[in-house]
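If you want the building blocks of each chain, they are given just below.
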Amino acid sequence: MEDFLTQLTSKYNFWAYIVLMMIGLYAMIAKGNLIKKLMGLGIFQTAIMLFYVAIGSKAGATIPILLDTHSKELIDFADYINPLPHVLMLTAIVVSVATLGVALALVQRIFDVHGTLEEDEILEKIKNP
Amino acid sequence: MKKAALVAVLLAGAFLILSMENFSSWGDIESPASRHISRYFIEKSYEDTHTPNFVTAVLADYRGFDTMLETVVVFTAALACFLIVRLPSDVCKPGLFYYRHASTGLVVRRRQACALPDEGGAFERVDSDWPPHDVVVTTTCRMIIPFIQLYALYVLAHGHYSPGGGFQGGVIFAASYVLLAVSHDLRTLVNQLTERFTHLLAAAGVLVYFGTGLLGLAKGANFLDYDAVADIMGVSLASGHSLGILFVETGVAMTVTAALVIIFKLLSSRGAVTEGL
């Protein structure tokens, strides 16, 4: 129990990501409306991005931009947070916006053809046209 | 179905929480992600590339292939959006369409619109579902937009020294055009950035990136090796890397701007690119 409590306090950020991720996953599985599914997708992606940025953090470090470019001293890697997760998520954010655009385009076409965005109604219309 | 989904999601969440003890805690310097190559990036990237912003150096230099193909993904997304929703221009769109005669002010209503009749001539298109715009909004946005675009160029060019770069600059640039479309109307945007132009810009951005990579091959080095840029421009090796990063970031910004404007134009007008937000 003590173990569990220390984990709860030292790793509370992961709880937030897991909760967010599960909200997104539930919306994608259980919701019938296609727009709500896309919202779930967005929440899921946000949880992943927060998770990545969090694992790059270092206590007492600053943003990954070199402070003094003229200093001859060796750069201490504990002074700057890990740039790699930031790089990965930077591209992921823009790509997620672009793919969301494609998803919305598909949703528009589905609405044009079937006149509804509810998944069960669309399935019904495909079965008995 | 919903109950099964809830059980599955709760189970997955419980497993993730149980596995949490294997994660490193918040702010751990020795976390696995920081242990391997990121140490090299922080200690050596200024020496290698003359770029104080490690994120930019890693993005465009050490992980150049990754970023190149991410740019291709953004380009492909814009292309896919175009292929999915764009209506052919010779298909008549049913609905009500209003045209105002410029000299008399008479408004004509048509029940369907084919190709735009005589655009820029005697008749001016009037939106059917959008009231006349407030002059305060229109004027303010017209004054703000150039500064937003200037800031976007600053973010792009200053990505070496401060948070920024091609993706961010491109998104801000695209946002300025979205603001133009929202504050005026979609036709104003289409007159400024025609579909032909945005498609060419998106492709040109990818081409700039690949072209910078091909410079390396032309000089007998590897693809995307910025040593060749240093050789061609006659600067030191690290400055050449800095220049190479600027070139590819420019390509990224062009593609991202064009792709987001294409997607906005198509989605807001439901594929017709004549009338929308």
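Definitions and cut-offs
- Residues numbered from 1 in each chain as written.
- Chains lettered and ligands numbered in written order.
- Predicted model: local features only at pLDDT ≥ 70, side-chain atom pairs only at ≥ 80, totals over all residues.
- Heavy atoms only, no water.
- UniProt positions renumbered as here; feature names shortened; annotations may be inferred.
- Helix = DSSP H or I, 4+ residues; strand = E, 2+ residues; numbered from the N terminus.
- Rg over C-alpha atoms; globule rule 2.2 N^0.38 Å.
- Buried < 20%, exposed > 50% of the residue type's maximum accessible area, 1.4 Å probe, protein only.
- Contact = heavy atoms within 4.5 Å.
- Areas by Shrake-Rupley, 256 points an atom, 1.4 Å probe, with all protein chains shown as cover.
- Lys, Arg positive; Asp, Glu negative; His and termini not counted.
- Charge placed at Lys NZ, Arg CZ, Asp CG, Glu CD.
- Phe/Tyr/Trp six-rings, centres within 6.5 Å; stacked < 30°, edge-to-face > 60°.
- Core = buried A, V, L, I, M, F, W, Y, C linked by side-chain atoms within 4.5 Å.
- Expected span 1.5 Å × (residues − 1).
- Buried area = accessible area lost by both parts, 1.4 Å probe.
- Salt bridge = Lys/Arg side-chain N within 4 Å of Asp/Glu carboxyl O.
- Polar contact = N/O pair within 3.5 Å; in protein donor to acceptor, adjacent residues only side chain to side chain.
- Patch = residues over 30% accessible without salt bridge, like charges linked within 9 Å, V, L, I, M, F, W, Y side chains within 5 Å.
- pLDDT = per-residue confidence, 0-100.

Named according to an unreviewed UniProt entry, chain B is Na+/H+ antiporter MnhB subunit-related protein originating from Pseudodesulfovibrio aespoeensis. The record in UniProt for chain B states the following under Subcellular location (unreviewed entry): "Cell membrane". Its UniProt record, at the heading Sequence similarities (unreviewed entry), says of chain B: "Belongs to the CPA3 antiporters (TC 2.A.63) subunit B family."

In the annotation of an unreviewed UniProt entry, chain A is listed under the name NADH-ubiquinone oxidoreductase chain 4L and assigned to Pseudodesulfovibrio aespoeensis. Reading the Subcellular location (unreviewed entry) entry of the UniProt record for chain A gives the comment "Cell membrane". In its Sequence similarities (unreviewed entry) section, the UniProt entry covering chain A states "Belongs to the CPA3 antiporters (TC 2.A.63) subunit C family."

So, about the overall build of chain A. Of regular secondary structure, chain A possesses 5 helices and 0 strands. Tracing chain A from N to C terminus, the helices and strands come up as α-α-α-α-α. Here chain A has a C-alpha radius of gyration of 22 Å; the compact-globule value for 129 residues is 14 Å, and the former is much larger. With the C-alpha coordinates aligned to their principal axes, the bounding extent of chain A is approximately 75 × 45 × 15 Å. Counting over 129 residues, chain A shows a buried share of 40%. Within chain A, residue pairs in contact and separated by at least 24 positions form 50% of the contacts whose partners lie at least 6 positions apart. Accessible area of chain A: about 7,200 Å², with a carbon and sulfur share of 68%. Here chain A carries 9 positive and 12 negative side-chain charges, and the mean point of each set is 8 Å from the other.

Here we come to the packing of aromatic side chains. Across all of its chains, the model carries 13 aromatic pairs over all chains by this definition. Here Phe-14 of chain A and Phe-23 of chain B contribute two aromatic rings whose centre-to-centre distance is 4.7 Å and whose plane-to-plane angle is 15°, an arrangement assigned as stacked. Here Phe-23 of chain B lies in the loop between helix 1 (2-18) and helix 2 (32-35) and Phe-14 of chain A lies in helix 2 (residues 12-30), a pairing that spans two chains. According to the relative accessible area criterion, Phe-14 of chain A is buried, its value standing at 4%.

This brings us to the UniProt feature "domain: MrpA C-terminal/MbhE" (unreviewed entry) in chain B. When the UniProt feature table is mapped to this numbering, "domain: MrpA C-terminal/MbhE" (unreviewed entry) covers residues 25-86 of chain B. Taken end to end, residues 25-86 of chain B is 76% helix and 0% strand, and its first and last C-alpha atoms sit 49 Å apart.

In terms of nonpolar packing, the biggest core is built from 49 residues, with Val-74, Phe-167, Tyr-177, Leu-189 and Val-256 of chain B touching the most fellow members. Of all the secondary-structure elements, those providing two or more residues to this core are helix 4 (83-114) of chain A together with helix 4 (54-62), helix 5 (64-85), helix 6 (135-157), helix 7 (166-183), helix 8 (186-192) and helix 11 (237-268) of chain B. At 12 residues, the largest contribution of residues to this core is made by helix 11 of chain B. Leaving out residues up to four positions away in the same chain, Phe-167 of chain B has contacts with Leu-90, Thr-91 and Val-94 of chain A together with Leu-59, Thr-67, Glu-70, Glu-249, Val-252 and Val-256 of chain B. Counting 9 residues, the second largest nonpolar core, distinct from the first, contains Met-21, Met-22 and Ala-54 of chain A together with Met-20 of chain B.

A few words now on helix 7 of chain B. The end-to-end C-alpha separation of helix 7 of chain B is 26 Å, in line with the 26 Å expected for 18 residues at 1.5 Å each. Residues of helix 7 of chain B that are buried include every one of Gly-166, Phe-167, Gly-169, Gly-170, Phe-173, Ala-174, Ser-176, Tyr-177, Leu-180, Ala-181 and Ser-183 of chain B, and no others. Tucked into the core, helix 7 of chain B has its buried residues touching helix 4 of chain A together with helix 4, helix 5, helix 6, helix 8 and helix 11 of chain B.

Our focus in this paragraph is the interface of chain A and chain B. At the junction of the two partners, chain A supplies 52 residues and chain B supplies 58 residues. For the pair chain A and chain B, the two sides together bury roughly 5,100 Å², of which 76% comes from carbon and sulfur. Measuring nitrogen to oxygen at the nearest pair gives 2.4 Å for the salt bridge that ties Asp-112 of chain A to Arg-270 of chain B. Taken together, chain A and chain B are joined by 7 residue pairs in polar contact (both at pLDDT 80 or more). Taken together, the elements giving at least two residues each to the side of chain A that touches chain B come down to helix 1 (2-10), helix 2, helix 3 (34-55) and helix 4 of chain A.

Residues and elements named next belong to chain B. Positive phi outside glycine occurs at His-50, with the angle close to 55°. Relative to the helices and strands, His-50 resides in the loop between helix 3 (38-49) and helix 4. Under the relative-accessibility criterion, His-50 is labelled partly exposed at 34%. Non-glycine residue Leu-224 carries a positive phi angle of around 65°. Summarising the element assignment, Leu-224 is placed in the loop between helix 9 (195-218) and helix 10 (227-233).

A cluster of nonpolar side chains, contributed by Met-28 and Ile-29 of chain A together with Met-1 of chain B, occupies part of the molecular surface with about 300 Å² of accessible area. Here Ile-29 of chain A is to be found in helix 2.

Turning next to the UniProt feature "domain: Na+/H+ antiporter MnhB subunit-related protein" (unreviewed entry) in chain B. UniProt tags residues 136-261 of chain B as "domain: Na+/H+ antiporter MnhB subunit-related protein" (unreviewed entry). End C-alpha to end C-alpha, residues 136-261 of chain B measures 24 Å, and it is 82% helix and 0% strand.

What follows covers the UniProt feature "transmembrane region" (unreviewed entry) in chain A. Residues and elements named next belong to chain A. Mapped onto this numbering, the UniProt entry annotates "transmembrane region" (unreviewed entry) at residues 12-29, 41-67 and 87-107. For the annotated span residues 12-29, helix accounts for 100% and strand for 0% of the residues, and the straight-line distance between the end C-alpha atoms is 26 Å. In residues 87-107, helix accounts for 100% and strand for 0%; the two terminal C-alpha atoms are 30 Å from one another.

Summing up the model confidence of chain A, the mean pLDDT is 87 and the portion of residues at 70 or higher is 99%. When mean pLDDT is compared element by element in chain A, helix 3 of chain A scores highest at 92, while helix 1 of chain A scores lowest at 72.

Below, the discussion takes up the side chain of Glu-43 of chain B. Relative to the helices and strands, Glu-43 of chain B resides in helix 3. Residue classification places Glu-43 of chain B among the buried residues on the basis of a relative accessible area of 18%. What Glu-43 of chain B contacts, discounting residues up to four positions off in sequence, is Ile-75 and Phe-77 of chain A.

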